[in-house]
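Fold and geometry: a report
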Amino acid sequence: MTISDMPDFTVTDVYRLDGGDRTAAFASFNHGVPCLVHFGASLPEQDDVSQLALATIPNVGAGQIDPFQPLTLCPLAITGWQGHPGMIVQTADGRDYLANPTMAGVKADGVDGVRFTLFDRGNADGVKLIISARLEPATGILHLEHRLTLPQGMSSSWLAAPAVPAPTGASSIIDHSGRWCGEFRRQETEFRTGAHVRESREGRTGHAHFPGVTLASAATGEHAGTCLAATLAWSGGHRMLAEELPDGRRQVQFGILDDGLAQGEIISPELMLAWSDQGLNDLSHAFHRHLRAIQAPVSLKRCRQPHPVHYNCWEAVYFRHDLAELKAIASRAAGLGAERFVLDDGWFRGRNDDTSSLGDWEIDTAKFPDGLAPLIDHVHAEGMRFGLWFEPEMVNRNSDLFRAHPDYMFGPDDQPSGRQQHVLDMAREDVREHLFAQISTILSAHAIDYVKWDHNRPLTGGNPDQARGFMALLARLVDAHPDVAFESCSSGGGRIDFAVLTLASRVWLSDSNDALERLRMQHEASRWIAPEAQGSHVGPRHCHTSGRVLSMSFRAWVAAQRHMGFEMDPRELTQEEAETLSRVTGWWKLNRDFLFSGSHYRLESDDCEILAEMTVGAGANRFILFAGQAGASAQIFPRPLRAAGLDPQAIYELKLVNPEDISRRANRRIVNALPDGGSVRLSGAFLMTHGLRLPNSQPASMTVIEGNRTGTGVRNA
């Protein structure tokens, strides 16, 4: 075939969205499925999207299908696309059906969105695909969604959220693995021909597979470089693939895993995209702003401090619930600065260990003969609020619920148990109705303003209807009890994603209260999750999950980086430990609003043993810096730590918040005034280029610095 014989290849439909200093440009070739031809820096208004779209297409070489097939938002096998398809459809008799949707209409979807409607081969009664896109003006985040409608008898075994191309030069795939008590472990893979695939088959988000990926160039760091982040807003099993084709093109797809042969109308979870040419921190800022925006209306409803200091009694008493002991613990916790007391597992009928009673959500009158009111009244008298633990999706065989309704259990009867428990079938409306009635009765009858919602085992078979049922029940409870805050816990960080965070204001990042483990986990989780949404507690002196013994100062300052709480027996504390905890808690209360409203930066420490972060306020007038020393550094002296986000022309006065924690043995000769409680004045330019030389630190310690602008700054200072 000569060039003149090749079929026409024309741009037929274009649309662009602008907001948040970003442009998303879409184009359809020959009325096919549209492509995301640009998502990134804001483009000039006069930029011709048709010309831009053609400029993304390479010339066709020998041995390729004519005409060349671009990467569309839903790549299709019928077009000759050689990579992973965006949807797989079957006929009633199980044969693969190669749908070929063509453009039927493009229209604005609100002020910030667009909707593309496509019919299979132009047949309005056949396969129908709607692609929705919305660009958040406040954050620059692009939201993408597929809605597939199938004729009766047809089914789909895979529907991805809209597929997106990797940015030019983005050769690295950054994602997070993990495990129980070891969540958010960063891993980095290079693109190569084939697919990098991550799958969660637990029926929940999972400890090992946070549903997010970042594509970055080799030169990308925290403060500079081009990168794209994508996350699926979904709380169930999922698949992510980052694929490079033999021709060099790269795509990312996310979708629900194991949705069976879905029929009728199928809606993909929303894919959220953020782009930056200013490094990884800029991506995080977009997601943090998004999270704060969706949670602000909920906080306003409650009209109270949205981030009270928690006290959770789990690691103090476990299942041993005695009213007098709990009152004593509550009084001690309040004296240390706690503002909310959370009664964890063990309060409901017959629950003395993990072998029984899940599903029987009624107060245990053997432990609480007068109900929970005496404990709640005592907690309120101590100036605290009251929260309660539930694990609604679970059931023990040894429970009244299971004996009455064995059919409520999800999966076959011969499945293995996990933590002595099984899962309820959340797809069933009668199961959800039963749970709603029990939980709502407890919440309505008591002054409870917080629920810790747990989920302590993976599913036996990851049916996505479980996740849909969970979200439906939680949404109904949130609507019925607007004054109650909900936390997502799933054996720690097993259910953290941007779907559950539309309903839950807090996530329990990990069941590990080991401050060294938390230091790393919190640092990596901040790539996606704003600090105020991450629960972090001061654990026991002797950590129950790792066996480590760490100082109170280190444990308290690590918790103070996030939504702070305590989870130990406060009666075990020495006077010195109690004074330290009270001092750090008091500082945190004075600064939490600042920490949870400013811009959060992870700093490049040039030392793998130092995990450093800083929060910079509006106008860059103030900052707080945390430098956590995990282990012993390879070099003798700490390397200067470069700040970020400051005004280079401003002069900042720096003070050490915790001089009492500085090792005098490691700092025998004091050169600058910081370790002795004094201050130094340095320019933003110096702090961001040369950096601040911190006091010499020992392993498992934290240095906290406050900086305040002293004036307008002096040029060339």
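Residues numbered from 1 in each chain as written. Predicted model: local features only at pLDDT ≥ 70, side-chain atom pairs only at ≥ 80, totals over all residues. Heavy atoms only, no water.

From N to C terminus, the protein includes twelve helices and 36 strands. Its C-alpha atoms give the protein a radius of gyration of 27 Å, near enough to 27 Å, the size a compact globule of 717 residues would have. Taken over the C-alpha atoms alone, the protein extends approximately 85 × 75 × 40 Å along its principal axes. Going through the 717 residues of the protein one by one, you find that 60% of them count as buried. A sequence separation of at least 24 residues applies to 69% of the contacts in the protein between residues at least 6 apart. Of the roughly 27,400 Å² of accessible surface on the protein, 50% is carried by carbon and sulfur atoms. When the 67 positive and 87 negative side-chain charges of the protein are each reduced to one mean point, those points stand 6 Å apart. (Helix = DSSP H or I, 4+ residues; strand = E, 2+ residues; numbered from the N terminus. Rg over C-alpha atoms; globule rule 2.2 N^0.38 Å. Buried < 20%, exposed > 50% of the residue type's maximum accessible area, 1.4 Å probe, protein only. Contact = heavy atoms within 4.5 Å. Areas by Shrake-Rupley, 256 points an atom, 1.4 Å probe, with all protein chains shown as cover. Lys, Arg positive; Asp, Glu negative; His and termini not counted. Charge placed at Lys NZ, Arg CZ, Asp CG, Glu CD.)

Across the interface, helix H9 (residues 515–525) lies against helix H10 (residues 552–559) with an axial gap of 9 Å and an inter-helix angle of 25 degrees. Taken together, the axis directions place H9 and H10 in an arrangement best described as roughly parallel. Seen from above, H9 lies across H10 with left-handed handedness. Two secondary-structure elements touch here, H9 through Ala 515, Leu 516, Arg 518, Leu 519 and Gln 522 and H10 through Phe 554, Arg 555 and Val 558. Residues that form the contact of H9 with H10 fall into these classes: five nonpolar, one polar and two charged. (Axes fitted to C-alpha atoms, helices over the stretch in contact; angles between N-to-C directions. Parallel < 35°, antiparallel > 145°, perpendicular 65-115°, else oblique. Left-handed = near helix turned anticlockwise from the far one by under 90°. Nonpolar A, V, L, I, M, F, W, Y, C, P; charged D, E, K, R; others polar.)

What follows concerns the pattern of salt bridges. Throughout the structure, instances matching the rule amount to 53 salt bridges. A salt bridge links Arg 292 to Glu 532; the nearest nitrogen and oxygen atoms lie 2.6 Å apart. Taken as a pair, Arg 292 in helix H2 (residues 280–302) and Glu 532 in the loop between H9 and strand E29 (534–538) lie far apart in primary sequence, 240 residues in all. Across the pair Arg 541 and Glu 577 runs a salt bridge, and its minimum N-O distance is 2.7 Å. Within this pair, whereas Arg 541 is found in the loop between E29 and H10, its partner Glu 577 is found in helix H11 (residues 575–595), the two being separated by 36 residues in sequence. Because the salt bridges share partners, they merge into one network encompassing Arg 185, Asp 514, Glu 517, Arg 520 and Arg 548. (Salt bridge = Lys/Arg side-chain N within 4 Å of Asp/Glu carboxyl O.)

This brings us to the side chain of Ser 440. Its place among the elements puts Ser 440 in helix H7 (residues 429–445). Owing to a relative accessible area of 12%, Ser 440 belongs among the buried residues under this scheme.

It is worth spelling out the sheet that holds E29 at this point. Taken in spatial order, the eight strands of this closed barrel run E21-E22-E23-E26-E27-E28-E29-E30, and their pairing is parallel. Strand-to-strand twist of the sheet, defined as the mean angle between neighbouring strand axes without regard to direction, takes the value 30 degrees. In terms of strand pairing, strand E28 (residues 506–508) meets E29 through two bridges, oriented parallel. Bridging from a neighbouring strand, Val 507 pairs with Gln 534 of E29. Packed onto the sheet, helix H5 (residues 373–381) meets strand E22 (340–343) and strand E23 (385–390) and runs at close to 140 degrees relative to E23. (Pairing = 2+ DSSP bridges.)

Moving on to the pairing of strand E32 (residues 610–616). Within E32, seven of the seven residues are buried, which leaves it mostly tucked inside the rest of the structure. Burial of the side chains of E32 extends over both faces: Ile 610, Ala 612, Met 614 and Val 616 are buried on one face and Leu 611, Glu 613 and Thr 615 on the other. Relative to E32, strand E31 (residues 599–602) is paired through four bridges, and the arrangement is antiparallel. Looking at the pairing, Arg 602 lines up with Glu 613 of E32. As paired elements, E32 and strand E33 (residues 622–629) share seven bridges and run antiparallel to each other. Counted as the bridge partner of Ile 610 is Gln 629 from E33. What sits between E32 and E33 in their antiparallel hairpin is a turn of five residues, with Gly 619 showing a positive phi close to 75 degrees.

Here we take up the pairing of strand E12 (residues 172–177). With six of six residues buried, E12 lies mostly within the body of the structure. Burial along E12 is two-sided: Ser 172, Ile 174 and His 176 facing one way and Ile 173, Asp 175 and Ser 177 facing the other are all buried. Two strands pair when backbone bridges link them, and E12 and strand E13 (residues 185–190) are joined in this way by six bridges, in the antiparallel orientation. For Ile 173, the partnering residue across the bridge sits in E13 and is Thr 189. Strand direction decides the pairing type here: E12 and strand E15 (residues 212–216), joined by three bridges, are antiparallel.

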